[in-house]
Amino acid sequence: MTTTEAAAEVTPETDGPTAHDHGVHGYHKQKDEHLKRLRRIEGQIRGLQRMVDEDVYCIDILTQVSASTKALQSFALQLLEEHLRHCVADAATKGGDEIEAKVEEATKAIARMMRT
């Protein structure tokens, strides 16, 4: 999926910040840990830029691309788990249309993750 395709899929009505309540999110208890992890991933990406700039061997760069990709996938999986445990579970206790909407939302998020 290209960046353009990914951006085209996000709409305020379905996936943007206005589509959700602005209450406490499932990841709030681990926010500092998540930010630390994302900074490490950011460092890996900067490292990739340096490797290309320094004309490092292709396979060595690809190895680091794989590591960076796995780090992002791992982060996404943890965030998804927290979403299911917090947001979807909360909707399940409320019942009605809200649980259906949260399950559909989670299913779409999983589908996006699987396409990458």
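The rules behind these values
Residues numbered from 1 in each chain as written. Predicted model: local features only at pLDDT ≥ 70, side-chain atom pairs only at ≥ 80, totals over all residues. Heavy atoms only, no water. Helix = DSSP H or I, 4+ residues; strand = E, 2+ residues; numbered from the N terminus. Contact = heavy atoms within 4.5 Å. Areas by Shrake-Rupley, 256 points an atom, 1.4 Å probe, with all protein chains shown as cover. Expected span 1.5 Å × (residues − 1). Buried < 20%, exposed > 50% of the residue type's maximum accessible area, 1.4 Å probe, protein only. Arc of directions from axis to C-beta. Patch = residues over 30% accessible without salt bridge, like charges linked within 9 Å, V, L, I, M, F, W, Y side chains within 5 Å. Salt bridge = Lys/Arg side-chain N within 4 Å of Asp/Glu carboxyl O. pLDDT = per-residue confidence, 0-100. Axes fitted to C-alpha atoms, helices over the stretch in contact; angles between N-to-C directions. Parallel < 35°, antiparallel > 145°, perpendicular 65-115°, else oblique. Left-handed = near helix turned anticlockwise from the far one by under 90°.

With that settled, consider the overall build of the protein chain. Counting its regular elements, the protein chain contains four helices and zero strands. In sequence order, the protein chain lays out its α and β elements as α-α-α-α. Across the protein chain, contacts joining residues at least 24 apart in sequence account for 50% of those joining residues at least 6 apart. Put simply, the protein chain shows about 8,600 Å² of open surface, and 58% of that area lies on carbon and sulfur atoms.

With that settled, the discussion passes to helix 4 (residues 97-115). For helix 4, with 19 residues, the first-to-last C-alpha span of 27 Å sits near the 27 Å given by 1.5 Å per residue. Taken as a whole, helix 4 has its buried residues at Ile99, Lys102, Ala106 and Ala109. All buried residues of helix 4 fall inside an arc of 90 degrees around its axis, so they share one side. For helix 4, the exposed residues set more than 90 degrees away from the buried face come down to Asp97, Glu100 and Met114. Buried-residue contacts for helix 4 involve helix 3 (58-94).

On the surface, a cluster of nonpolar side chains totalling about 400 Å² of accessible area is made up of Tyr57, Ile59, Leu62 and Val65. Mapped onto the elements of the fold, Ile59 is located in helix 3. By relative accessible area, which is 45% here, Ile59 ends up partly exposed.

Moving on: the pattern of salt bridges. Scanning the model with the defined rule gives six salt bridges in all. The shortest N-O distance in the salt bridge between Lys102 and Glu105 comes to 3.6 Å. With Lys102 and Glu105 both in helix 4, this residue pair falls three residues apart, about one helical turn. The buried category is assigned to Lys102, whose relative accessible area is 15%. Here the salt bridges share partners, and the residues they tie into one network are Asp90, Lys94 and Glu98.

This part covers the confidence of the model for the protein chain. Taken as a whole, the protein chain shows an average pLDDT of 82; of its residues, 77% reach a score of 70 or greater. For the stretch residues 1-19, pLDDT sits under 50, and the model shows 18 contacts to residues farther than four places along the chain or on other chains.

To continue, consider the packing of helix 3 against helix 4. Running from N to C, helix 3 and helix 4 point in directions that differ by 165 degrees, and their axes come no closer than 8 Å. Considered as vectors, helix 3 and helix 4 are oriented roughly antiparallel to each other. By crossing handedness, the relation of helix 3 to helix 4 is classed as left-handed. Across the interface between the two elements, Ala76, Leu77, Leu80, His83, Leu84, Cys87, Val88, Ala91, Ala92 and Lys94 from helix 3 touch Glu98, Ile99, Lys102, Val103, Glu105, Ala106, Ile110 and Met113 from helix 4.

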